[in-house]
Amino acid sequence: VKALPHLVRLQVLDVSFNNIGDSGIVSLVQTLCQPSSMDMEQNPPGDKSLTAAPQYITLPQMHIGYNSGVSGPGSARVAQLSSALPALTRLDISGDRYKPAHLS
């Protein structure tokens, strides 16, 4: 999960048919909503030359359906968080009852 914000060109994330619960799926989506920036710990002390502006992931498709531990509240939170992913055009939560209005 820690590597996800650095995958700014990720096109499809499919974690369908896993045993991910509410807290896991919410954590995953929260991580995707965070900006990526270069790891400043890799710079020599005082060297700011490797700094870069934060980048946001431009994920157009996410498939998270049929995860047995995801309930209505988890799906609702994912839908709320997914509105912070402007490139997201397809959120597949098949097998879940909740569908976000902005992706209908």
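Overview of the structure. (Residues numbered from 1 in each chain as written. Predicted model: local features only at pLDDT ≥ 70, side-chain atom pairs only at ≥ 80, totals over all residues. Heavy atoms only, no water.)

### Notes on the overall build of the chain
- Counting secondary structure elements, the chain contains two helices and three strands.
- When the helices and strands of the chain are placed in sequence order, the string is β-α-β-α-β.
- For the chain, buried positions account for 38% of its 104 residues.
- Across the chain, the fraction of contacts at a sequence separation of at least 24, relative to all contacts at a separation of at least 6, is 73%.
- Counting every atom, the chain has about 6,500 Å² of accessible surface; 53% of that belongs to carbon and sulfur. (Helix = DSSP H or I, 4+ residues; strand = E, 2+ residues; numbered from the N terminus. Buried < 20%, exposed > 50% of the residue type's maximum accessible area, 1.4 Å probe, protein only. Contact = heavy atoms within 4.5 Å. Areas by Shrake-Rupley, 256 points an atom, 1.4 Å probe, with all protein chains shown as cover.)

### Focus: the packing of helix H1 (residues 22-32) against helix H2 (residues 72-82)
- Orientation of H1 relative to H2, taken along the N-to-C sense of each, is 5°, at an axis distance of 9 Å. With respect to their mutual orientation, H1 and H2 come out roughly parallel. Residue-level inspection shows Asp22, Ile25, Val26, Val29 and Gln30 of H1 in contact with H2, the latter providing Gly74, Arg77, Val78, Leu81 and Ser82.
- Counted by class, the contact of H1 with H2 contains five nonpolar, three polar and two charged residues. (Axes fitted to C-alpha atoms, helices over the stretch in contact; angles between N-to-C directions. Parallel < 35°, antiparallel > 145°, perpendicular 65-115°, else oblique. Nonpolar A, V, L, I, M, F, W, Y, C, P; charged D, E, K, R; others polar.)

### Let's talk about the environment of Gln30
- Tracing the backbone shows Gln30 in helix H1.
- Gln30 gets classed as partly exposed once you look at its relative accessible area, which sits at 33%.
- For the pair Gln30 and Val78, spaced 48 residues apart in sequence, the C-alpha to C-alpha distance is 8.3 Å.
- If we ignore the near neighbours within four places in the chain, the residues touching Gln30 are Arg77 and Leu81.

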